Amino acid sequence: MHITILVGTVNGNAQSVAEALQFCADDIGATIDVLPMDGLDITVFDTSGTFIICTSTTGAGDVPGNAVGLLNSLDAQAKYLGHVRYGLVALGDSSYGDSFLGGGKQFDAKLQDLGARKMGDICVLDAMETMTPEDDAVVWLQSWAVEWATLK
């Protein structure tokens, strides 16, 4: 299995989580590339493989600055993404109420609107509940990979 993790981050937390997932690639029988969203557009989904969107939330439920271009291109360059399979790792802080996980939710909604198929549950990393987001994400990845294998 080849996985590309697309990272939207403000302070580096999502990047750290993505790197922790990459580190355990051998454990799930995968190769994992980590790719910051800087400068990416919808064409990133033209390549084969499986994707994980790993993004934090900023402001009032917005995507990080480095992810804005990719998110906007999902509207501006919209095309059918039925071949895309993805997982979602969403970082946020539940004390922000309705905007909690807004960055991840925006990507999830747009990808599904374009026909992409989300695999498994969202990995929710709440800053109010976990001090070990990297460890929590690795546990999620292990169960997500099992589900991915059954859906192939």
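As shown above, the structure is provided for reference.
We now turn to the structure provided with this report. (Residues numbered from 1 in each chain as written. Predicted model: local features only at pLDDT ≥ 70, side-chain atom pairs only at ≥ 80, totals over all residues. Heavy atoms only, no water.)

### A closer look at the packing of helix α2 (residues 68-76) against helix α3 (residues 102-113)
Then step 1. Closest axis-to-axis distance for the α2/α3 pair is 10 Å, and the angle between their directions is 25°. Taken together, the axes of α2 and α3 are roughly parallel relative to one another. Our pair here, α2 against α3, has a crossing hand that is left-handed. The residues of α3 that touch α2, namely those facing Leu-70, Leu-71, Leu-74 and Asp-75, are Gln-106, Phe-107, Lys-110 and Leu-111.
Then step 2. When grouped by side-chain class, the residues that make up the contact of α2 with α3 number five nonpolar, one polar and two charged. (Axes fitted to C-alpha atoms, helices over the stretch in contact; angles between N-to-C directions. Helix = DSSP H or I, 4+ residues; strand = E, 2+ residues; numbered from the N terminus. Parallel < 35°, antiparallel > 145°, perpendicular 65-115°, else oblique. Left-handed = near helix turned anticlockwise from the far one by under 90°. Contact = heavy atoms within 4.5 Å. Nonpolar A, V, L, I, M, F, W, Y, C, P; charged D, E, K, R; others polar.)

### Quick notes on the layout of surface pockets
Then step 1. Looking at the largest pocket, its volume works out to about 430 Å³.
Then step 2. Lining the largest pocket we find 20 residues, and of these Ser-56, Thr-57, Leu-91, Gly-92 and Asp-93 sit closest to its centre.
Then step 3. If you list the elements that add at least two residues to the lining of the largest pocket, you get β4 (85-92) and β6 (123-126).
Then step 4. For the lining of the largest pocket, the residue count by class is eight nonpolar, ten polar and two charged. (1 Å grid on protein atoms, 1.4 Å probe; cavity = no way out; pocket = protein on both sides within 12 Å on 5 of 7 lines; lining within 4 Å. Points joined across faces, edges and corners; volume = space filled by probe spheres on them.)

### Structural notes on the pairing of strand β3 (residues 50-55)
Then step 1. Burial within β3 is extensive, with six of its six residues counted as buried.
Then step 2. Covered by surrounding structure in β3 are Thr-50, Ile-52 and Cys-54 together with Phe-51, Ile-53 and Thr-55, the residues of both alternating faces.
Then step 3. Here strand β1 (residues 2-8) pairs with β3 via six bridges, running parallel. Of the residues in β3, the one forming a bridge with Ile-5 is Ile-52.
Then step 4. Across six bridges, the pairing between β3 and β4 is parallel. Among the inter-strand pairings, Thr-50 is bridged to a residue of β4, identified as Arg-85.
Then step 5. The handedness of the β3 to β4 crossover, carried by α2, is right-handed. (Buried < 20%, exposed > 50% of the residue type's maximum accessible area, 1.4 Å probe, protein only. Pairing = 2+ DSSP bridges. Right-handed = clockwise from strand over helix to strand, strands pointing away.)

### Some remarks on the packing of aromatic side chains
Where two aromatic rings form a pair, the distance of their centres and the angle of their planes describe that pair.
Then step 1. Here the structure, examined in full by the defined rule, presents two aromatic pairs.
Then step 2. With 4.9 Å between their ring centres and 70° between their planes, Phe-45 and Phe-51 make a pair best called edge-to-face.
Then step 3. With centroids separated by 5.4 Å and ring planes inclined at 25°, the aromatic side chains of Trp-140 and Trp-144 adopt a geometry described as stacked. In this pair, Trp-140 and Trp-144 both sit in helix α4 (residues 133-151), four residues apart, roughly one turn of the helix. One exposure class covers both Trp-140 and Trp-144, and it is buried. (Phe/Tyr/Trp six-rings, centres within 6.5 Å; stacked < 30°, edge-to-face > 60°.)

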